[in-house]
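# Coordinate inspection notes
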Amino acid sequence: MIDYKEYITINSEVRFGKTIIIGTRISVFDVLNWLANGLTMKEITIDFPELNENQIMACLSYAADKEHKTLIAS
């Protein structure tokens, strides 16, 4: 699994403190939503050339880790 901490951060001054991809204003939610709506990684990187596949995979890794932590806490 990719280490999402290399690609994702939280900055209270950007996007109201949402998790974002480092060096962009693109939130993890945005990327996950695009994937959930059927966009491929290739389509996302064409539409948003500032993103690469590792950053997109980091969003998936972040979501998986967050879900895992939620299950453990239950």
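The structure under discussion appears in the preceding block.
To start, this report covers the structure provided alongside it.

How each quantity is defined
- Residues numbered from 1 in each chain as written.
- Predicted model: local features only at pLDDT ≥ 70, side-chain atom pairs only at ≥ 80, totals over all residues.
- Heavy atoms only, no water.
- Helix = DSSP H or I, 4+ residues; strand = E, 2+ residues; numbered from the N terminus.
- Rg over C-alpha atoms; globule rule 2.2 N^0.38 Å.
- Buried < 20%, exposed > 50% of the residue type's maximum accessible area, 1.4 Å probe, protein only.
- Contact = heavy atoms within 4.5 Å.
- Areas by Shrake-Rupley, 256 points an atom, 1.4 Å probe, with all protein chains shown as cover.
- Core = buried A, V, L, I, M, F, W, Y, C linked by side-chain atoms within 4.5 Å.
- Arc of directions from axis to C-beta.
- Salt bridge = Lys/Arg side-chain N within 4 Å of Asp/Glu carboxyl O.

### As for the overall build of the chain
Looking only at helices and strands, one finds three helices and two strands in the chain. Its helices and strands in sequence order give the chain the pattern β-β-α-α-α, from N to C terminus. Taking 74 residues into account, the globule formula puts the C-alpha radius of gyration at 11 Å, and the chain, at 12 Å, falls close to it. Each principal axis of the C-alpha distribution contributes one length, and for the chain these read about 40 × 30 × 20 Å. The proportion of buried residues among the 74 residues of the chain is 31%. For the chain, restricting intrachain contacts to residue pairs at least 6 apart in sequence, the fraction spanning at least 24 positions comes to 40%. With the model as given, the accessible surface of the chain reaches about 5000 Å², and the carbon-plus-sulfur share is 56%.

### Some remarks on the nonpolar core
Within the largest apolar cluster, 14 residues are counted, with the highest numbers of intra-cluster contacts made by Ile8, Ile21, Ile26, Val31, Trp34, Leu51 and Cys59. Put simply, the parts of the chain that give this core at least two residues each are helix 1 (28-36) and helix 3 (53-73). Looking at which element gives the most residues to this core, the answer is helix 3, with four residues. The residues touching Cys59, leaving out its near neighbours within four places in the chain, are Ile8, Ile21, Val28, Val31 and Leu32.

### Notes on the environment of Ala64
Within the fold, Ala64 resides in helix 3. The sequence separation of Ala64 and Ala36 amounts to 28 residues, and the corresponding C-alpha distance is 14 Å.

### Looking at the side chain of Ser27
Mapping Ser27 onto the fold places it in the loop between strand 2 (19-21) and helix 1. In this structure, Ser27 is in contact with Arg15, Lys18, Thr19 and Ile20, ignoring residues within four places of it in sequence.

### Overview of helix 1
Every α-helix winds through 3.6 residues per turn, so residues three or four apart in the chain are directed the same way. For helix 1, the complete set of buried residues consists of Val28, Asp30, Val31 and Trp34. Summarising the axial view, the buried residues of helix 1 lie within an arc of 165°, below the 170-degree limit, and thus occupy one face. Opposite its buried face, helix 1 presents the exposed residues Phe29 and Ala36, each directed more than 90 degrees away. Positive phi shows up at Gly38, right after helix 1, with a value of about 100°.

### Some words on the pattern of salt bridges
Per the stated rule, a full pass over the model turns up one salt bridge. Taking the shortest distance from any N to any O, the salt bridge between Arg15 and Asp30 comes out at 2.9 Å. With Arg15 in the loop between strand 1 (8-10) and strand 2 and Asp30 in helix 1, the pair connects residues that are 15 residues apart, well separated along the chain.

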